[in-house]
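Structural features, examined
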Amino acid sequence: MNSGQYGGVNQPPYGVYPGAYQTAPPAGVHTEKPPIAPYVGSLAQPAAASPEGPTLWKGEMPHDDVRDDPNRQAPAPSAPPITLMERLPGYENVGFQNEGFLPPPPYDASMQMPTIRPEVTNIPRISEDAAADALIQFASEHCCYGKKAARDCRILDMVHSSAFHYTLETFTETRATAWASQPFSGQPVDDPRYGPAPGAWDIPASPPQKFANACVKMEVPHTASVKPCHECFAMGFKRCWRCMGRGKVVCDSCGGSGRGMAHSADGHHRHESCVCCHGYGRKRCCTCNGDGRVVCGVCAGRTQLKWFIELTIKWDNNVLDHVVERTALPDELIRGVTGKLAFEEEGARVSPINHFPDETVNSASQDLVRRHSHSFSQSRILGQRQHVRIVPVCQCHAQFKEKPFQFFTYGFENHVYCPEYPQQCCCGCTLL
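Residues numbered from 1 in each chain as written. Predicted model: local features only at pLDDT ≥ 70, side-chain atom pairs only at ≥ 80, totals over all residues. Heavy atoms only, no water.

**Thoughts on the overall build of the protein chain**
Note the following rule: Comment: elements are numbered from the N terminus, with helices defined as DSSP H or I runs of at least four residues and strands as E runs of at least two. Under the scheme applied here, a residue whose accessible area is under 20% of the maximum for its type counts as buried, over 50% as exposed, and between as partly exposed, the area being computed with a 1.4 Å probe on protein chains only. In this analysis, two residues are considered to be in contact whenever any of their non-hydrogen atoms come within 4.5 Å of each other. The protein chains shown are the only cover counted for residues, whose accessible areas, like all others here, come from Shrake-Rupley with a 1.4 Å probe.
For the protein chain, the helix and strand inventory stands at four helices and 16 strands. For the protein chain, buried positions account for 41% of its 432 residues. Sequence-distant contacts, at least 24 apart, represent 80% of the contacts inside the protein chain between residues at least 6 apart. For the protein chain, the exposed surface amounts to about 23700 Å²; the carbon and sulfur share of it is 51%.

This is the structure in structure tokens:
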């Protein structure tokens, strides 16, 4: 029989590994005939098959049955040595994990068009009636707040202002490659015979939606091949990880003694057969059902794997924002309400705002655009957009029963911020 062929009953695996395996086959229990020379290079071989029929090949197993552990987990699958994978042009350094992103092609700044920005006008304001109604609504939303203060208070002064919420979004695309595999069951194999593999950034792909996070994985064309499964050495089965191939385990209820302690109604104790193992002290392994082996989780029992270079494309919407608010109102409240969209701009690249009436917004725009321009060296920027919202804010000075207090009304929803509300505990409530 020629080297590289199987002596078993199954069809030989497609393809061979370049190089040589340096380790012996994993210990296990297999009933198929072991491979004679399934890989190129030296490979420790199990005993040859008997002419009379399949022989039982046993790897290293413990001499005694192991104690059953219901919490034991199956070991994580391994990866073959990287030297056994083909070195394809442009993908010589590809590993089995996405260890780093591929740098994108350079951006041509000469394609950016000049922007024309309109003047910002019509600053929104909150009326006195709207502020009074908002305070009554605020009190009704708190079960322990007295509503009399909201109804009978007198607004002495209203100071109108505007909060500015600037937001910069940068939509980026990153690409990474890694070797991936799937059980081979006869699906098409696009191998290098059909042409050279295209570059990672030459493969066309479009995001499902702009300025929204998404991720897709795809096979790089002309990189596939079929190889014997490295995890089970093309057997399709592995030694059971729970019973270590013995098919049975020590009963965890009686500890292998086969007897348990029973308590009678009169307070006496007596020994009787263990109800879990029926007095045998051993139980059939429930993972392999007593066979001593389990289906290989890597090839799903198919004995062969389709290997290919997998391209992972991630689209991320990176957001930075800045709030300009000059009262005691917390900035995070501005982010949660609506306001007037005073300015919006979108393009392949955006330049900092320089025309806004508030110079603080212009400075924040310059800082955030500069930070984003240096933050994505391993990504391709597909687009940017920026906008400014004007959120109305009204600081109200009021009085209830000669006691002054202040509250803030903000946003088109007329939300209220009033930490000094005079009736924060109604009748019947007790402050602890």
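Let's pick the thread back up.
**Examining the nonpolar core**
For clarity, the threshold we go by: Grouping buried Ala, Val, Leu, Ile, Met, Phe, Trp, Tyr and Cys residues that are joined through side-chain atoms within 4.5 Å yields what is termed a nonpolar core.
Counting 22 residues, the largest nonpolar core has Tyr91, Trp179, Cys229 and Ile309 as the members making the most contacts within it. Residue assignment for this core shows that the elements contributing at least two residues are strand E3 (154-183) and strand E12 (304-324). If one sorts the elements of this core by residue count, E12 sits on top with six residues. Beyond its immediate sequence surroundings of up to four residues, Trp179 is in contact with Ile82, Met85, Glu86, Leu88, Val94, Gly95, Phe96, Thr223, Trp307, Phe308 and Ile309. Membership of the second largest hydrophobic core comes to 21 residues, among which are Phe138, Tyr145, Cys394 and Val416.

**Description of the packing of aromatic side chains**
Note the threshold: Pairing of aromatic rings covers Phe, Tyr and Trp, the last counted by its six-membered ring, and requires centre-to-centre distances within 6.5 Å; plane angles under 30 degrees mean stacked, over 60 mean edge-to-face, and any other angle means tilted.
Evaluated as defined, the whole model comprises eight aromatic pairs. Note on Phe96 and Trp307: the rings are 5.7 Å apart at their centroids and 70 degrees apart in plane angle, and the pair reads as edge-to-face. One end of the pair, Phe96, is in the loop between strand E2 (57-58) and helix H1 (128-140); the other, Trp307, is in strand E12, with 211 residues separating them in the sequence. Residue class for Phe96 comes out partly exposed when judged on its relative accessible area of 24%. For the ring pair Phe164 and Phe356, a centre distance of 5.2 Å and an interplane angle of 80 degrees mean the geometry is edge-to-face.

**Regarding the pattern of salt bridges**
Keep this limit in mind: Here a salt bridge means any side-chain nitrogen of Lys or Arg lying within 4 Å of a carboxyl oxygen belonging to Asp or Glu.
Counted under the stated rule, the structure contains 15 salt bridges. With its nearest N and O atoms 3.4 Å apart, the salt bridge here joins Lys210 to Glu346. On the criterion of sequence distance, the pair formed by Lys210 in the loop between E3 and strand E4 (214-219) and Glu346 in strand E13 (residues 340-347) is long-range, its members being 136 residues apart. Overall, Lys210 belongs to the partly exposed group, its relative accessible area being 45%. Through salt bridges with shared partners, a single network forms among Glu173, Arg175 and Arg380.

**Details of the side chain of His387**
For His387, the position within the fold is in strand E14 (residues 380-400). The exposure class assigned to His387 is buried, which follows from its relative accessible area of 16%. Ignoring anything within four residues of it in the chain, the contact list for His387 reads His165, Tyr166, Thr167, Glu169, Leu341, Phe343 and Glu344.

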